[in-house]
Amino acid sequence: MKQLTLEFLFHIFGLSAASGIAYNDEQIHLIADNSTYLYHYDMTNTLFTKTPLSQEDYGQENIAKNMKPDFESITQNELNYYIFGSGSTEKRIDLIEVHKLTNEVISTQQLDILYESMKAFAGIDNDNFNIEGAILDGETWYFFNRGNGPKSQNGIFIVTGENIIDNFRLTYFPIKLPKINKVQSSFTDAVKVDEDIYFLAAAEDVASNYKDGEIKGSLIGKINLKKLKLEKTKVISENHKFEGITIYKQNAKEIEFLLCEDPDNDKNQTGIYKLTVNK
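Residues numbered from 1 in each chain as written. Predicted model: local features only at pLDDT ≥ 70, side-chain atom pairs only at ≥ 80, totals over all residues. Heavy atoms only, no water.

(A) Representation of the packing of aromatic side chains within the structure. Across all of its chains, the model carries 16 aromatic pairs by this definition. Between phenylalanine 8 and tyrosine 273, the ring centres sit 5.2 Å apart and the planes meet at 70 degrees, which makes this aromatic pair edge-to-face. Linking phenylalanine 8 in strand E1 (residues 4-13) with tyrosine 273 in strand E21 (residues 269-278), this pair joins segments that are 265 residues apart in sequence. With relative accessibility at 38%, the residue phenylalanine 8 sits in the partly exposed group. Ring centres of phenylalanine 84 and phenylalanine 143 lie 5.1 Å apart, and the angle between their planes is 85 degrees; this geometry places the pair in the edge-to-face category. A residue pair is termed long-range when its members are at least 10 positions apart, and phenylalanine 84 in strand E7 (residues 80-85) and phenylalanine 143 in strand E11 (residues 140-145) qualify at 59 residues. Through pairs of rings, three or more aromatic residues link up here, namely Tyr82, Phe84, Trp141 and Phe143. Of note, lysine 50 hangs over the ring of tyrosine 37, and the distance from its end group to the ring centre comes to 4.5 Å. Here the basic side chain of lysine 100 rests over the ring of tyrosine 81, its NZ or CZ set 5.5 Å away from the ring centre. (Phe/Tyr/Trp six-rings, centres within 6.5 Å; stacked < 30°, edge-to-face > 60°. Helix = DSSP H or I, 4+ residues; strand = E, 2+ residues; numbered from the N terminus. Buried < 20%, exposed > 50% of the residue type's maximum accessible area, 1.4 Å probe, protein only. Lys NZ or Arg CZ within 6 Å of the ring centre and 35° of its normal.)

Listed below in structure tokens is the structure:
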């Protein structure tokens, strides 16, 4: 990652607090941590639509912090999107499964057993548990704990087994991340590229998995999937908090990622950026 380029592409108006992004065939799909919608943006026709993730209330936006489901992670396979609550409170434990072709909500399940098992296994208490990234690789799941609590416990959970609801096996790898402007950075999202994990981490000047702090910047990093050890990091901004990353395009020499931003303000818009990284 000796050379990289960050380029602003456009704003999407109609959502704030974007927290996760997925890309397929000129379509961007986004979640927000204060909403119960899955958002869709057609890059060719500049068409913006949304799918309600809750059948009970159709869908809500700008949900109060103490009530929101806090959807922070989205990952996918050939058929479905999987959307995860952060687990940082007891209201934030939902897993929503959405069909990729129809945008139909297939199931809504709760991850209390998985999340409680993760905390017990890794020795992470409620104030330090905050799942902000997820990757599905075949039958293996990778979950990224954001170390923005008092103990800065960044780490990766690997989950295998029959299912992630109540029949699974866990391993955990703590990851030490660098500081940005003298403030500890913490995972905000990740994506698998070949045999590597590329991740985003942001720094906020507050030691809390619940409160927002002053934004000190964001970095991109690379982790070798086999060794699960940090290989490289590079600061990409000192004033943006990027919370979502997805593969856009790649060739033998470089990878293009799409990033979404959560600016922690009242503007009803989110910025979409392209990050180009040399392999």
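(B) Looking closely at the sheet that holds strand E5 (residues 47-52). If you trace the 4 strands from one edge of the open sheet to the other, you get E2-E3-E4-E5, paired in antiparallel fashion. This sheet does not close on itself; its edge strands, each paired only once, are strand E2 (18-24) and E5. Here the strands of the sheet are splayed against their neighbours by 25 degrees on average, with no regard to which way each runs. Pairing analysis gives 6 bridges linking E2 to strand E3 (residues 27-32), with the strands arranged antiparallel. Following the sheet pairing, alanine 18 is matched in E3 by alanine 32. (Pairing = 2+ DSSP bridges. Axes fitted to C-alpha atoms, helices over the stretch in contact; angles between N-to-C directions.)

(C) Geometry of helix H1 (residues 112-122). Turning to H1, its buried residues are Leu114, Tyr115, Met118, Lys119 and Ala122. End-on view of H1: buried residues confined to an arc of 130 degrees, all on one side of the axis. Elements in contact with the buried residues of H1: E7, strand E10 (131-137), E11, strand E12 (155-163) and strand E13 (167-174). In the segment just after H1, glycine 123 is the residue with positive phi, at about 70 degrees. (Arc of directions from axis to C-beta. Contact = heavy atoms within 4.5 Å.)

(D) Geometry of the sheet that holds E12. An order of E10-E11-E12-E13 is seen for the 4 strands of this open sheet, with the pairing classed as antiparallel. The sheet is open, and its two edges are formed by E10 and E13, each paired on a single side. Strand after strand, the sheet turns through a mean of 20 degrees between neighbouring axes, direction not considered. Where E12 lies against E13, 7 bridges are found, and the strand directions are antiparallel.

As far as function goes, none of this settles anything; it's purely spatial.
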